[in-house]
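# Residue-level structure breakdown
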Amino acid sequence: MATPDAPATRTAFLALDYVTYIVDNFSHDPSVAERAAHALAAARTAGLPVFHVVPQGMSEQIHPLLAPAEGETVLTKTSFSAFATTDLREQLEAAGVGRIVVAGVATSGTVLSTTRWAVDTGLQVTVCADACDDPDPEVNAVLLDESVAPKSWIGLWRIADVRPADEIPELWAGVT
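Residues numbered from 1 in each chain as written. Predicted model: local features only at pLDDT ≥ 70, side-chain atom pairs only at ≥ 80, totals over all residues. Heavy atoms only, no water.

The next point concerns the overall build of the protein. Helix and strand counts for the protein come out as six helices and six strands. Over its C-alpha atoms the protein spans a radius of gyration of 15 Å, differing by no more than 12% from the 16 Å that the globule rule assigns to 176 residues. Its C-alpha atoms put the protein at 40 × 40 × 35 Å along the principal axes. In the protein, which comprises 176 residues, the share counted as buried stands at 49%. Expressed as a percentage of contacts within the protein between residues at least 6 apart in sequence, the contacts between residues at least 24 apart total 69%. (Helix = DSSP H or I, 4+ residues; strand = E, 2+ residues; numbered from the N terminus. Rg over C-alpha atoms; globule rule 2.2 N^0.38 Å. Buried < 20%, exposed > 50% of the residue type's maximum accessible area, 1.4 Å probe, protein only. Contact = heavy atoms within 4.5 Å.)

Considering all chains together, one arrives at one aromatic pair under this definition. Positioned over the ring face of Trp-153 is Arg-158, at 4.0 Å from the centre of the ring. (Phe/Tyr/Trp six-rings, centres within 6.5 Å; stacked < 30°, edge-to-face > 60°. Lys NZ or Arg CZ within 6 Å of the ring centre and 35° of its normal.)

Turning next to the state of the cysteines. Tallied over the entire structure, the rule returns zero disulfides. There is no disulfide at Cys-128, and the cysteine sulfur nearest it, in Cys-132, is 6.5 Å away. (Disulfide = S-S within 2.5 Å.)

With that out of the way, let us pick up the confidence of the model for the protein. Mean pLDDT over the protein stands at 93; residues scoring 70 or higher make up 94%. Taken as a whole, residues 1-6 scores under 50 in pLDDT and shows three contacts with residues more than four places along the chain or in a different chain. (pLDDT = per-residue confidence, 0-100.)

Okay, the pairing of strand E4 (residues 97-105) next. Among the nine residues of E4, nine are classified as buried, and the element is accordingly described as predominantly covered. In terms of strand pairing, strand E1 (residues 10-16) meets E4 through seven bridges, oriented parallel. Across the sheet, Ala-12 pairs through a bridge with Ile-100, a residue of E4. Pairing geometry for E4 and strand E5 (residues 124-133), over six bridges, is parallel. Residue pairing across strands places Val-101 opposite Thr-126, the latter belonging to E5. Where the polypeptide runs from E4 across helix H4 (residues 107-120) and back to E5, its parallel neighbour, the crossover connection is right-handed. (Pairing = 2+ DSSP bridges. Right-handed = clockwise from strand over helix to strand, strands pointing away.)

The next thing to look at is the nonpolar core. Formed by 29 residues in total, the largest nonpolar core has its most connected members in Phe-13, Tyr-18, Leu-66, Cys-128 and Leu-171. Among the elements that make up this core, the one with the highest residue count is helix H2 (residues 32-45) (seven residues). With residues near it in sequence (within four places) discarded, Cys-128 still touches Ala-39, Val-101, Val-102, Ala-103, Arg-163, Ala-165 and Ile-168. Membership of the second largest hydrophobic core comes to 28 residues, among which are Val-125, Val-127, Trp-157 and Ala-160. (Core = buried A, V, L, I, M, F, W, Y, C linked by side-chain atoms within 4.5 Å.)

The next thing to look at is the side chain of Asp-134. Within the secondary structure, Asp-134 is located in the loop between E5 and helix H5 (137-144). Lacking a salt bridge, the buried Asp-134 has Lys-77 as its closest oppositely charged neighbour, with an N-O distance of 12 Å. Engagement of the side chain of Asp-134 in a polar contact is seen with the backbone nitrogen of Asp-136, the distance being 3.1 Å. (Lys, Arg positive; Asp, Glu negative; His and termini not counted. Salt bridge = Lys/Arg side-chain N within 4 Å of Asp/Glu carboxyl O. Polar contact = N/O pair within 3.5 Å; in protein donor to acceptor, adjacent residues only side chain to side chain.)

Here it is as structure tokens:
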């Protein structure tokens, strides 16, 4: 993790499991892809590196609203975490990234696993709450909203900065 005196660290945007099948079957809110596309567009405008991480065999099924732009990395995984079965960590290090903004479906699967793995390896993490969803709206709320279960240790707000896209400064850096 960065120390208080360290220079600002580069931020990357991670779009996790945004494939049509998963969005259609494992999110309770059909507008989550639109909100994620808004956050992705902001990340691109801000010049952040973007990584799309999808389950193996689904790289041709990326949701059309989150289709990779030319030059954006698409990684395939065989685990819940975006890190366990990919070289994402090495690619982030090579790009000088020390902070990630995470968006994905499902919150209780890839978002939770990727965020915990990232924090455990020293990355700073912001979870883009309005660009995440889960098939169970109550679980989604417990993971993303401290007021729902303030004594829970599973909430992502315990280990990451959780906020909507419009409140994530890195997404709007240099945007006028």
